Amino acid sequence: MKKFIKNNGTFIALIFLIIILSFLSPSFLSSRNLTNLVRQVTINGIIAVGMTMVILLAGIDLSVGSTVGLSAVVVTLLMQSGIGMWLAILITLVGVGGVLGFFNGFMSAKFDIHPFIITLGVMTIARGLSLVLTQGVSVPVTNRTFAEIGSGYIPKIPSLIILVIALVLGLIAVFRTSMEIKNGDKVRNKAKLTGGIILTVAGFLAGFLIFIGYQGIPIPVAIFAVIVMIGIYTLRKTRFGRKLYAIGGNEKVAWLSGINILRSKTMVFVITGVLSAASGILLASRLNGASPNLGDGFELDAIASVIIGGTSFMGGVGTITGTVIGAIIIGVINNGMSLLGINSFYQMIVKGFIIILAVMIDVLNRRDTA
Amino acid sequence: MGEEILEMKNIIKDFPGVRALDHVNFTLEKGEILALVGENGAGKSTLMKVLSGVWPYPTYEGDIYLDDALVRFENTREAEKAGIGIIHQELNLLPDLSVAENIFLDRQPLNKFGGIKWEELYHNAEKVLSRLNMDIDPRIDLGDLTVGKQQMVEIAKALSLDTRILVFDEPTSALTEAEIKELFTVINELRASDVSIIYISHKLEEIEELADSVVVLRDGATIGDKINISEVTLDEIINRMVGRDIEDLFPTVDFERQEKTLEVKNISVPDPFNPDKKLVDDVSFAAYKGEILGISGLMGAGRTELVNAIFGVYGKKSEGEIFLNGKKLNIKSPADAIDSGIALVTEDRKELGLLLDKNLVMNMTLPSIKTFSSKFAMDTHKERTITEKYVDELNIKTPSLDVFVEKLSGGNQQKVVIGKWLITDSDVLILDEPTRGIDVGAKTEVYRLMNQLVESGVTVIMISSELPEIMGMSDRIIVMSEGKKTAELEKAEADQETIMKYATGNKGAE
Ligand SMILES: Nc1ncnc2c1ncn2[C@@H]1O[C@H](COP(=O)(O)OP(=O)(O)OP(=O)(O)O)[C@@H](O)[C@H]1O
Ligand SMILES: [Mg+2]
């Protein structure tokens, strides 16, 4: 039981949070509110998937918020200038997200400068670029279909089918990953299994109640789900994922074992840049336009999600599943506080404390196992 | 001597999956130097951690009596107060603070405003250091001292706490010969002033030279009673440690020297802090299939830097040419070296060899990660099978493949580092102090393994600071001094005096 709580601590915290909020504010559990909440989570969550990888390397990326803003501006302006939607999206993903990410990763890895400094610089540069491009005013989206991406839904029946498939695949994955080999025998990790099943079923039920009860799965949520699945697979199963854990564990050891640090680091920042750009594009689509200040402060929510999700800021330890739960917690807190009419100034204070708390838990856990 | 000051009774300590200590009993007398020996993972460090409060009561069972009074330390502070000091296997100091601050950490003399009274601090530090006859300036940063001097600072720190029982956990593994001599003098002086010493080491010659008595641990239990060193032979101690006789510590095989494999020409490595000096100065040598090439020299002679240069650690900063099987290699990073078939078992396992908070599988497969994965996914089944095979082969003691390697004993960690490079199946295997901290039984296993590798066509190069090891195992020996190669000796010409002569910088006509 103790192990169960320790393994699934953040998840349990999330459940408590939801129960408390549903008592405090009746409208919290309405499908409409929840759909909205999930959509907000999506924007932050997509960035947080990349941020997980960055923090796994004991790095940090402060430029994600500005990348969101610049991407929203660029994609909007490109379409205004008559470029087709898909091409505009592609150019933004590569030209804004990819390039900024490459700069972050390459500069910090090649010259051994802490990414805090480089990304702080890029944060300001990208924000400045947005302001220059827009002359400081909001720009509207002119393309009709573009709005669909951020605010459209997958119809109910296909949504239901997708949810059921996800449930089945999720359960299979839980069964397979809860097997552990101990002293040559295959043993099932009960805590992991129960936790996994509860998580998967809860996810399914939540998805069912929220989306099927309202208008189906929002398209950004579907995109987010795909990104999360690819992210989980990458970290758990691929060589690239393994390298990230190794570099985060001890960069010098990893390098002496033949791992190309420069390439891996650059790749991680490129991924984060592209994901931030994707997030910015979705935001522009939903808002039907872009303002140069869009995405301001997003880096904080993304970092908070990752840390709350159990990724250690010391590097080497962490999962995307944890980050997703962390992102939902942040989303619930934001949404809940707004519903309760708490001034957004106070919201910032509360979130600050939560980040510190999460880091404290990480530090104490480390001391425990040492 | 004679007065008993410490008794440890029926000590039991369990870790998940292992009983590290199983009813251990022993006593220590005033002014006694007691050697604690045993194989890797026998529980020596754990026993001392129990004694010094690292593992507080009640995480262990059993009783500790100090001067016949039962003590139960809840932390290391309490043990320090009771007069128990420990110099850990891994040094525990802060390199960025001054020597004096390290000695009086948390106990600096303060003025009314809470500021440190520096002059008094330095003065006190000088007083403690002079007890050791150590000429160390308490004002300089600890990190600027050699490892040997840093260790002296640890000892000074223990003395400043009025230590009556001082534990040394493998203190000499990173010291030069001269530093070891210094250390022994200090230990003997401490004994003369009635400090009792517990001394852990895998180097049995040291124990013979230094200790009054021996306690042997095997698999967490004491084997036999404490014995007087004068009443026992080394072979008997070894037998108690490993449960059998070791006939041949250096199992040499006469190989036939075959074709030239690795050849390096004019390797130089600049000193980053001193542009006029070179860490490695124009060294050339060749290694052959079918032989073990030893590299000898004092600490700081540039041996590690030489093999690091070959391994691509310095990138473009090092100079020279490297050939493998006649082909010129362009090595700019360890990744290049590994791809060309060169493996390097690094010297410092904690900092350079292991991912401490990762499991055995991940550590062992890291350098050969490519062979364990298709384009995308890792083949976890294959990883486990191969890791398991090497764990068996190297006799690595571990409760499972899934424990973090930091939980393994020092010697077993060393075997993991060796294992990870064996899996790469390289043509050239360079081992930098491969037997540091591993027990006699495991040492011969490593030597056998080196022989097997040579037999299967691998070119083996070994750096070692232990002369018996270098002379016992190498077919040819390169001696280095101050960055330069001073001699290249065939096995037959290599005796202790000759090697030492060249190692201390006496350049002979070659
Ligand atoms: N923190 C820990 N957690 C789990 N197991 C541990 C821990 N520390 C030690 N062990 C286990 O306890 C046993 C004894 O280890 P210990 O470090 O005392 O051995 P040792 O005699 O000092 O060996 P060496 O000569 O290699 O240093 C080993 O099996 C080791 O794996
Ligand atoms: Mg030990």
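Basis of the calculations
Residues numbered from 1 in each chain as written. Chains lettered and ligands numbered in written order. Predicted model: local features only at pLDDT ≥ 70, side-chain atom pairs only at ≥ 80, totals over all residues. Heavy atoms only, no water. Helix = DSSP H or I, 4+ residues; strand = E, 2+ residues; numbered from the N terminus. Contact = heavy atoms within 4.5 Å. Domains from an automatic or database assignment. Buried area = accessible area lost by both parts, 1.4 Å probe. Salt bridge = Lys/Arg side-chain N within 4 Å of Asp/Glu carboxyl O. Polar contact = N/O pair within 3.5 Å; in protein donor to acceptor, adjacent residues only side chain to side chain. Nonpolar A, V, L, I, M, F, W, Y, C, P; charged D, E, K, R; others polar. Buried < 20%, exposed > 50% of the residue type's maximum accessible area, 1.4 Å probe, protein only. Pairing = 2+ DSSP bridges. Axes fitted to C-alpha atoms, helices over the stretch in contact; angles between N-to-C directions. Near = heavy atom within 4 Å. Areas by Shrake-Rupley, 256 points an atom, 1.4 Å probe, with all protein chains shown as cover.

Got a minute to help me understand the environment of Gly101 of chain A in this structure?
Residue and element names in this part refer to chain A. Its location among the elements puts Gly101 in helix 5 (residues 85-110). Along the primary structure Gly101 and Val64 are separated by 37 residues, whereas in three dimensions their C-alpha atoms are 9.1 Å apart. Not counting the four nearest positions on each side in its chain, Gly101 is found in contact with Phe269, Val270 and Gly273.

Quick question: what am I supposed to make of the domain arrangement of chain B here?
A common measure of how large an interface is: the accessible area buried when the components associate. All names here are of chain B. When the domains of chain B are assigned, the result is domain 1 (4-244), domain 2 (255-341 + 426-510) and domain 3 (358-424). Taking the mean C-alpha position of each, domain 1 and domain 2 sit 34 Å from one another. Between domain 1 and domain 2, roughly 1,000 Å² of surface is buried when both sides are summed, and carbon and sulfur atoms account for 57% of that area. If you look at where domain 1 meets domain 2, you find 0 salt bridges. Connecting domain 1 to domain 2 are 1 residue pair in polar contact (both at pLDDT 80 or more). With 3 residues, the top contributor of residues to the side of domain 1 that touches domain 2 is helix 8 (residues 234-242). When grouped by side-chain class, the residues that make up the side of domain 1 that touches domain 2 number 6 nonpolar, 5 polar and 4 charged.

For this particular structure, what's the right way to read the pattern of salt bridges?
In a structure, side chains of opposite charge can pair up when their charged atoms sit close to one another. Within this structure, the stated rule accounts for 35 salt bridges over all chains. A salt bridge links Lys351 of chain A to Asp301 of chain A, with the shortest nitrogen-to-oxygen separation between them at 3.0 Å. Highlighted residues: Lys351 of chain A in helix 16 (residues 344-369) and Asp301 of chain A in helix 14 (residues 298-308), separated in sequence by 50 residues. Judged by relative accessible area, Asp301 of chain A falls into the buried class, the value being 14%. Ionic pairing is found between Glu263 of chain B and Lys260 of chain B, a salt bridge with its closest N-O pair at 3.3 Å. Salt bridges linked by common partners bring Arg257, Glu291, Arg476, Lys485, Glu488 and Glu490 of chain B together as one network.

Please explain the sheet that holds strand 14 (residues 292-297) of chain B as it appears in this structure.
The strands making up a sheet associate through backbone hydrogen bonding, with each pair oriented either parallel or antiparallel. All names here are of chain B. Taking strand neighbours across the sheet as the criterion, the 6 strands line up as 17-18-19-14-20-21 in an open arrangement whose pairing is mixed. Only two strands of the sheet have a single partner each, and these edge strands are strand 17 (342-345) and strand 21 (484-490). Sheet twist, expressed as the mean angle between neighbouring strand axes with direction ignored, is 20°. Pairing between strand 18 (residues 428-432) and strand 19 (residues 459-463): 5 bridges, direction parallel. Of the residues in strand 19, the one forming a bridge with Ile430 is Ile461.

In this structure, what is going on with the site of ligand 1? I would like to understand it.
Residue and element names in this part refer to chain B. Taken together, 19 residues lie around ligand 1, and Lys44, Ser45, Thr46, His202 and Gly411 are the ones closest in. Between ligand 1 and Lys44, the relevant distance is 2.8 Å, taken from an oxygen atom to a side-chain nitrogen or oxygen of the residue. At 2.7 Å from an oxygen atom of ligand 1 is found a side-chain nitrogen or oxygen belonging to Ser45. In the complex, 90% of the free accessible area of ligand 1, which totals 640 Å², lies under the protein chains. For the shell around ligand 1, the elements supplying multiple residues, two or more each, are helix 1 (44-51) and helix 14 (410-422). If you tally residues by element for the shell around ligand 1, the top one is helix 1, at 3 residues. Partitioned by chemical class, the residues of the shell around ligand 1 number 5 nonpolar, 10 polar and 4 charged. There are two domains that each give the shell around ligand 1 at least three residues, and those are domain 1 (4-244) and domain 3 (358-424).

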